[in-house]
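# Breakdown of the fold
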Amino acid sequence: MFGGIAARGADGIVYATFEGTVVLLDLEGPVVTGQFAVYPSGPPRVHVSACAVARDGSILLADAHHHRVRRFAPDGRQIALLGALHNPGIQQQDMAGVLDEPCAVLPVGDEILVACGGLGEEHGVQVFGDGGEYRRSFPAPAGGWKRAQGLAEVEGAIWVAETDAGAVRVHAPDGTPKGRVPLHPELRRPFRVKADGYGGAFLLVAPESEESEPFGVARIARDGTFDGWTVPAGEEPGQALAPFDVAVLPDGRFVVADLPYGRPPEVRLQLFSSDGRLIETVLEDTADLVAAQRTWFEAVLARAGRDAATLYEQARVHHYHAGATRGHLEEARRLYEGAIAAEPGFLLARLGLGTLLQRGLEEPALAEVQYRAAMDAGGVEGDLLARIAECRHDAGDLDGAIRLLQKAIESLRPPEGYHDLVEELGDYYLERDR
């Protein structure tokens, strides 16, 4: 999977890149209207495999690298984490509550369904509460789930696209199996399924090999009827080459994300009418996205307001997007500090300033102050203690770094990079004992 897209309101789209940048797009106005990244509120390296928007407007990202689903407020605050810590020493950890290769997310009522793409899994479709607590798993078919990679709610039923079984299975919301949707032979490897708003679904099909003929976007009725490709395969506008996600708007229009050159990193987003006519190309490729982002950054810097949210957004532009010169980093520092002065409990501003001081301006002692303030503002203690341990190490206090990293690893909510940090702790001990 190469990121994901999801509808947001009447004319909005969320586009999450594979690397974890989340861009808010408006199909009627300026293309980019907001942006945040998993970092600094989470680990710097993620692999986004799916995206969804919950009924309260929060954004759900499946992170295949960390075997988690992350829930964010639209301003970038991580508000919940789904999935228990995964043990990297186990190639396929098929356990209740552990998300092995999460690749589809579906909010249904006050629950969140997650499909996992492992082979032969008993817990290939799991259900979590709004706050991230594991509730149950759907009963697995005989032999286990064979790469459950798509989820959709169609007319009150849950459809699960199971790629290697060549099946779309139908379940009640409580998980009770209700049968299968019969599939046309051309649709034998379904991997992404989205309700079309008209009682059927859009279906994306995975190729069997790199030499396979490309597929477009199929639309099937509730009974599996397939009358041809709604969006045909191809590189031209109005076609889709290697489509990997679909987002359906409330009025039936839909956006297709595809790889116009057949492979990443270039991604194209096209908007279609409900009957499959091309309305516009929202983003042609990465260069188009970068240009739209630059326009948004300029608009952010031009804002006259001095409220905490505006100062924070301006700080992020200088910190991450304007170039890592000393002048931009110092301006980011000034703006972060202004945001904190206006709102002392602003968690994201504390995290941003701490990261800037630690890794941009190389002032670890001052970074520690911000990370401790971030803990007081609601930040996760284990993650922040791990960062403070880094600051102590950078400042030459190796014993302090060991003590704090040990505390972080043993905390009730261990840091997300738990297994990597255990190795880092070992490195600290070796460094001290040389």
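Scroll up for the structure.
Here's what I pulled together on the structure shown here. Keep in mind the model is a prediction, meaning the values are calculated, not measured.

One pass over the structure, following the stated rule, counts 33 salt bridges. The partner of R70 in a salt bridge is E416, with the nearest N and O atoms 2.6 Å apart. Of this pair, R70 sits in strand β7 (residues 68-72) while E416 sits in the loop between α7 (398-409) and α8 (418-433); the two residues are 346 residues apart in sequence, bridging distant segments of the chain. By the burial criterion, R70 is buried, and E416 matches it. The structure contains a network of salt bridges with shared partners spanning D110, E111, E133, R135 and R136.

Running from amino to carboxyl end, helix α2 (residues 308-321) crosses helix α3 (residues 326-342) at an angle of 160°, the nearest separation of the two axes being 8 Å. As the angle between them shows, α2 and α3 are arranged roughly antiparallel. The interaxial crossing formed by α2 with α3 has left-handed handedness. In contact with A308, L311, Y312, Q314, A315, R316, H318, H319 and Y320 of α2, α3 contributes H328, L329, E331, A332, L335, Y336, G338, A339 and A342.

What follows concerns the state of the cysteines. Counted by the stated rule, this structure contains zero disulfides. Free of any disulfide, C51 has its nearest neighbouring cysteine sulfur in C103, separated by 14 Å. No disulfide involves C103; its sulfur sits 6.9 Å from that of C116, the nearest cysteine.

Okay, the sheet that holds strand β21 (residues 217-220) next. Sheet strands associate in pairs through backbone hydrogen bonding, adopting either a parallel or an antiparallel arrangement. The four strands are arranged β19-β20-β21-β22 in an open sheet whose pairing can be described as antiparallel. Edge strands, defined here as strands with exactly one partner in the open sheet, are β19 (190-195) and β22 (226-231). Across this sheet, the average inter-strand angle for adjacent strands is 35°, counted without regard to direction. Inspection of the sheet shows β21 paired to β22 by three bridges, in the antiparallel sense. Bridge assignment links A218 to a residue of β22, and that residue is W229.

Right, let's talk about the sheet that holds strand β26 (residues 278-283) for a bit. Strands sit in the order β23-β24-β25-β26 across an open sheet of four strands; the sheet is antiparallel. Both outer strands of the open sheet, β23 (243-248) and β26, are each paired with one neighbouring strand and no more. If you compare each strand with its neighbour and ignore which way they point, the axes differ by 20° on average. Bridging between β23 and strand β24 (residues 254-258) involves five bridges; their strand directions are antiparallel. Opposite D245, over in β24, you have A257 as the bridge partner.

Along the chain, S58 turns up in the loop between β5 (48-53) and β6 (59-63). Reaching out from S58, the side chain makes a polar contact with the side chain of D56 at a distance of 2.6 Å. A distance of 2.8 Å separates the side chain of S58 from the side chain of R71, its partner in a polar contact. With sequence-adjacent residues up to four places away left out, S58 is seen in contact with A52, V53, R71, F72 and I79.

Rules of the game
Each residue is numbered by its place in its chain's sequence as written, counting from 1. With the structure being a predicted model, the display of local features is reserved for residues of pLDDT at least 70 and the display and counting of side-chain atom pairs for 80 or more, all residues being used for whole-chain, interface and lining totals. Processing note: side-chain calculations cover all non-hydrogen atoms of the structure and skip hydrogens and water entirely. Basic side-chain nitrogens of Lys or Arg form a salt bridge, by our definition, when they fall within 4 Å of a carboxyl oxygen of Asp or Glu. A run of DSSP states H or I qualifies as a helix once it reaches four residues; a run of E qualifies as a strand once it reaches two. Both are numbered from the N-terminal end. Relative accessibility thresholds used throughout: buried, under 20% of the residue-type maximum; exposed, over 50%; partly exposed, between the two (1.4 Å probe, protein chains only). Angles here are taken between N-to-C directions and fall from 0 to 180 degrees, while the axes themselves are lines fitted to C-alpha atoms, restricted in helices to the stretch in contact. Note on terminology: angles under 35 degrees are roughly parallel, angles over 145 are roughly antiparallel, angles of 65 to 115 are roughly perpendicular, and the others are oblique. Should the near helix be turned counterclockwise from the far one by less than a right angle, the crossing is left-handed, whereas a clockwise turn marks it as right-handed. Residue contacts follow a heavy-atom distance rule, with two residues in contact if any of their heavy atoms lie within 4.5 Å. In plain terms, two cysteine sulfur atoms within 2.5 Å form what is called a disulfide here. Only when DSSP finds a minimum of two bridges between them are two strands counted as paired. Pairing of N or O atoms within 3.5 Å defines a polar contact, subject to two protein rules: one partner must be a possible hydrogen donor and the other a possible acceptor, and residues neighboring in sequence count only if both atoms are side-chain atoms.

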